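One-letter residues, chain by chain:
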Amino acid sequence: MQIAMDDVQVEGRRAPMLEATTLTLASGECVLLAGEPGHGHTALALVATGRLAPFTGTVTLVGDDGATTTATADLRRVTAVVDVPGISEPDEALTVGDVVAEELSLAGQRSLPGHAKRWLDAHDLLDRRGDRVDELHGTLRTALLTSLASERADVRFLVLTLPDRHGGEPSGWWAVAESLAALGYGVLVQCTRSSARDLGADLPPARGDDALRAAPVEALRTRPAPAAVPDGSPDEAGPGGPPEPVETTDPTTLFDRAEQGRHRADAVPEPEAVAGPSAGPDPGPDAGQGPAEQGPAEEGPAEEGPAEEGPAEEGPDPAPAPDEEADR
């Protein structure tokens, strides 16, 4: 599948928002566009995904079977704009748990607090549930939002706009983008020229009054080797094609390239199985509960007040603390 932009231009009320741009993006490719911050990034992201009609030029979607269409509805269905300033970026006052619930709802999935909690637990982010989204560093924020966008079943292309505005090393969010491309997505990343140079692109600095309106230029284009997504079947590897990995993407676990993380929300028991052996086998869940019941029974008579006020809550406070640590 491919998106082809041919001589696309967007006019504003007073000046052009995007100068004429020609670009192609295919599934499995990761393309980096560099340009100074301004309307050009936002306009390009919206035009490329069918969310804004170009003033001139055409945007064509080429299907896997070679069929072409310029229908904006088809473009919107297979694309997602991630963290675009003023468009799809989450409210900075929201917590991570709120953002997850909202994005799961947009993906047509259940989005009650319990579902958001399970999603975060499966992605090893449960400890950040109550943090404000603006507290996340750039790489983690990009990984979180792209992973949530990939929960939408039909999405095949992701557009990331200025992830470098949140700080951090460009190599971090670029690694997230390339890992998504390895899973079969077409990924378009827009950044500043300085960030592109940090990634090895040879670009001259932008000068002059027209720099803000100049169209972003292509700085890098890569096609990472297809990634093998663990999916429960031992002999099923990456050659299966993009459509299946699309539904099982978990880029938040791709910071550690040596260990591919969980790729399904129903794989929550896996992290528990990994963490459990260190403490679980010795005390065991049954062994941990046994002393917990005996402890309050022995110490209860010595402190009648706490034992009577709440045998299930306050009474166990002195003794259960060590037992809970043993279970964990």
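On a predicted model such as this, the values are computed, not experimentally measured, just so you know.

Our next topic: the sheet that holds strand S2 (residues 16-26). Strand order in the open sheet formed by 4 strands is S2-S1-S4-S5, with antiparallel pairing between adjacent strands. Looking at which strands have only one partner, the edges of the open sheet turn out to be S2 and strand S5 (68-69).

All right, on to the pairing of strand S1 (residues 2-11) then. Both faces of the sheet carry side chains from a regular strand, because those side chains alternate between them. For S1 and S2, the ladder comprises 7 bridges, and the chain directions are antiparallel. Residue pairing across strands places valine 8 opposite threonine 21, the latter belonging to S2. From the end of S1 to the start of S2, which pair antiparallel, there are 4 residues. Looking at chain direction, S1 and strand S4 (residues 56-62) are connected through 6 bridges and run antiparallel.

When pLDDT is averaged along the protein, the result is 76; 67% of the residues meet or exceed 70. With pLDDT under 50 throughout, residues 232-250 is counted as low confidence; its partners more than four residues away or in other chains account for 30 contacts. Scored below 50 in pLDDT, residues 252-328 shows 65 contacts in the model against residues more than four places distant or in partner chains.

The next point concerns the pairing of S4. Examined bridge by bridge, S4 and S5 share 2 bridges and lie antiparallel to one another. Note that in S5 the partner of leucine 61 across the bridge is threonine 69. Counting the residues between successive antiparallel strands, the hairpin from S4 to S5 contains 5 residues, one of them, glycine 66, with a positive phi of roughly 90 degrees.

Another aspect to go through is the packing of helix H5 (residues 138-149) against helix H6 (residues 170-182). Relative orientation of the contacting elements H5 and H6 amounts to 25 degrees, with a least axis distance of 8 Å. Considering the angle they form, H5 stands roughly parallel to H6. The interaxial crossing formed by H5 with H6 has right-handed handedness. The residues of H6 that touch H5, namely those facing Thr139, Thr142, Ala143 and Thr146, are Gly172, Trp173, Val176 and Leu180. When grouped by side-chain class, the residues that make up the contact of H5 with H6 number 4 nonpolar, 4 polar and no charged.

To continue, consider the pattern of salt bridges. Per the stated rule, a full pass over the model turns up 11 salt bridges. Its salt-bridge partner being aspartate 83, residue arginine 165 comes within 3.2 Å of it at the nearest N-O pair. In this pair, arginine 165 is assigned in the loop between strand S7 (157-161) and H6 and aspartate 83 in the loop between strand S6 (79-82) and helix H3 (96-106), connecting sequence segments 82 residues apart. Assessed through its relative accessible area of 31%, arginine 165 is described here as partly exposed. Via salt bridges that share partners, Asp83, Glu89, Glu92, Arg141 and Arg165 belong to a single interconnected network.

The residue aspartate 124 is not glycine, and still its phi comes out positive at about 60 degrees. Structurally, aspartate 124 is set in the loop between helix H4 (113-122) and H5. One non-glycine residue, leucine 162, lies in the positive phi region at around 50 degrees. Mapped onto the elements of the fold, leucine 162 is located in the loop between S7 and H6.

With 43 residues, the main nonpolar core has Leu32, Val100, Leu158 and Val187 as its most contacted residues. Setting aside its immediate chain neighbours within four residues, leucine 158 contacts Ala80, Val82, Thr146, Ala149, Leu180, Tyr185, Gly186, Val187 and Leu188. In this structure, Met5, Leu44, Val78 and Val81 belong to the second largest nonpolar core, which totals 24 residues.

Before going further, it helps to spend a moment on H6. Quick reminder: α-helices carry 3.6 residues per turn. Residues three or four places apart thus point the same way. Over its 13 residues, H6 runs 18 Å from end to end, which matches the ideal 18 Å to within 8%, given 1.5 Å per residue. Burial within H6 is extensive, with 10 of its 13 residues counted as buried. Along H6, the residues that are buried comprise Pro170, Gly172, Trp173, Trp174, Val176, Ala177, Ser179, Leu180, Ala181 and Ala182. Residues of H6 that are buried make contact with strand S3 (30-34), H5, S7, strand S8 (186-191), helix H7 (193-198) and strand S9 (217-222). Where H6 ends, the next residue or the one after it, glycine 184, has phi of about 110 degrees, a positive value.

Calculation rules
- As a convention, each chain's residues are numbered from 1 in the sequence order in which they are written.
- Only residues with pLDDT of at least 70 get local features here, since the model is predicted, and only at 80 or more are side-chain atom pairs given and counted; chain-wide, interface and lining totals rely on the full set of residues.
- Heavy atoms from the whole structure form the basis of all side-chain values; hydrogens and water molecules are not counted.
- Whether two strands pair depends on DSSP finding at least two bridges between them.
- Here a helix means four or more residues in a row that DSSP labels H or I, a strand means two or more in a row labelled E, and each is numbered from the N terminus.
- A residue's pLDDT is the predictor's confidence in that residue, given on a scale from 0 to 100.
- In this description, contact between two residues means that some pair of their heavy atoms is separated by no more than 4.5 Å.
- Helix axes are fitted to C-alpha atoms over the stretch in contact, other axes to C-alpha atoms as well, and angles between N-to-C directions run from 0 to 180 degrees.
- By the definition adopted for this analysis, an angle is roughly parallel if under 35 degrees, roughly antiparallel if over 145, roughly perpendicular if from 65 to 115, and oblique otherwise.
- Crossing chirality is assigned from the near helix's rotation relative to the far helix, an anticlockwise turn below a right angle marking it left-handed and a clockwise turn marking it right-handed.
- Throughout, the ten residues Ala, Val, Leu, Ile, Met, Phe, Trp, Tyr, Cys and Pro are labelled nonpolar, Asp, Glu, Lys and Arg are labelled charged, and all others, Gly among them, are labelled polar.
- Every case where a carboxyl oxygen of Asp or Glu lies within 4 Å of a side-chain nitrogen of Lys or Arg is listed as a salt bridge.
- Working definition: with a 1.4 Å probe on protein chains only, accessible area under 20% of the residue-type maximum means buried, over 50% means exposed, and in between means partly exposed.
- Only buried residues count toward a nonpolar core, which is a set of Ala, Val, Leu, Ile, Met, Phe, Trp, Tyr and Cys residues joined through side-chain atoms within 4.5 Å.
- The length a helix should cover is 1.5 Å for every residue beyond the first.

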